[in-house]
Amino acid sequence: MFPTRTIVALLLMVSALFLGASAGRANLIANGGFEEGTNLTVTAKMPLTGGLPGWTVTQGSINLVPASYWEPAEGERSLDLSGDGRGAVSSIPFATLPGLEYEVVFSLSGNFEDNIDTYKALEVSADGQAARFWFDKFDGWSTTNMGWREITWTFMADDESASLTFISRAYSAYGPVLDNVQVELIPLPGAVPLPAGVLLLGTGLLCLAGFKGFQKR
């Protein structure tokens, strides 16, 4: 007899062993480059009152900025996390496996259109874990030379889903700028990539075993 809880546990174990290694570490974040959603005029920043597909504004003011205004890290858009002041944005929840680590990669720059402060602080958090990163003003900064930095941070999942939050910690309305957000499962040491067909077969066998277990009740 195979109770439903046992089947779920077995499936999670299989996923923990091979997910990421076999699937090429797919990005778990929806719309990580902020390319989907509201259209922009040619040159304007656009305040986001609610959010974008995959993201919700959870605090203060956020601006969506087109490539015609300043260069993004990739694609055609980026987020100014201090619109009229400190803002915050959170991703929609994505599936995680408790006890496993996830790698967060994002691009960080800063809005230096005003010289109130030269350090643009950003805080990233997930599942009760957080870290702060800074972008420093540099000679030659301009809207066509944003000096994007790639930042990497890891967190350990404590539930079956997680949400990623980015908060401006700048002292003014000229804060950090965010783009190209990615989250990937870090494969367990020694995990061996397997063809997708093998994983499907294993999952099918587990489900079949569970079905036969229920038949014996």
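Here we summarise the structure given alongside this text. (Residues numbered from 1 in each chain as written. Predicted model: local features only at pLDDT ≥ 70, side-chain atom pairs only at ≥ 80, totals over all residues. Heavy atoms only, no water.)

1. Observations concerning the nonpolar core
So, point 1. Among the nonpolar cores identified, the biggest contains 42 residues, and L79, F106, L164 and F166 are the most heavily contacted of them.
So, point 2. Those elements that place two or more of their residues in this core are β3 (55-59), β4 (62-66), β8 (101-110), β9 (119-126), β10 (129-136), β11 (149-156) and β14 (176-185).
So, point 3. It is β14 that provides the largest number of residues to this core, a total of 5 residues. (Core = buried A, V, L, I, M, F, W, Y, C linked by side-chain atoms within 4.5 Å. Buried < 20%, exposed > 50% of the residue type's maximum accessible area, 1.4 Å probe, protein only. Helix = DSSP H or I, 4+ residues; strand = E, 2+ residues; numbered from the N terminus.)

2. Observations concerning the sheet that holds strand β1 (residues 46-48)
So, point 1. Across the sheet, which stays open at both edges, the 6 strands sit in the order β1-β4-β5-β14-β8-β11 with antiparallel pairing between neighbours. Pairing within the sheet leaves two strands with one partner each, and these edge strands are β1 and β11. On average, each strand axis in the sheet is tilted by 35° relative to the strand beside it, whichever way the strands run. (Pairing = 2+ DSSP bridges. Axes fitted to C-alpha atoms, helices over the stretch in contact; angles between N-to-C directions.)

3. Quick notes on the environment of T144
So, point 1. By the element assignment, T144 lies in the loop between β10 and β11.
So, point 2. On the accessibility criterion, T144 (63% relative accessible area) is exposed.
So, point 3. Considered as a pair, T144 and Y69 are 75 residues apart in the sequence and their alpha carbons are 8.7 Å apart.

4. Structural notes on the packing of aromatic side chains
So, point 1. As enumerated under the stated definition, the model contains 10 aromatic pairs in all.
So, point 2. With 6.0 Å between their ring centres and 75° between their planes, F106 and F133 make a pair best called edge-to-face. Of this pair, F106 sits in strand β8 while F133 sits in strand β10, placing them 27 residues apart in sequence. The same class applies to F106 and to F133, which are both buried.
So, point 3. Three or more aromatic residues joined by ring pairs make a cluster, and in this case those are F34, W55, F106, F133 and F166. (Phe/Tyr/Trp six-rings, centres within 6.5 Å; stacked < 30°, edge-to-face > 60°.)

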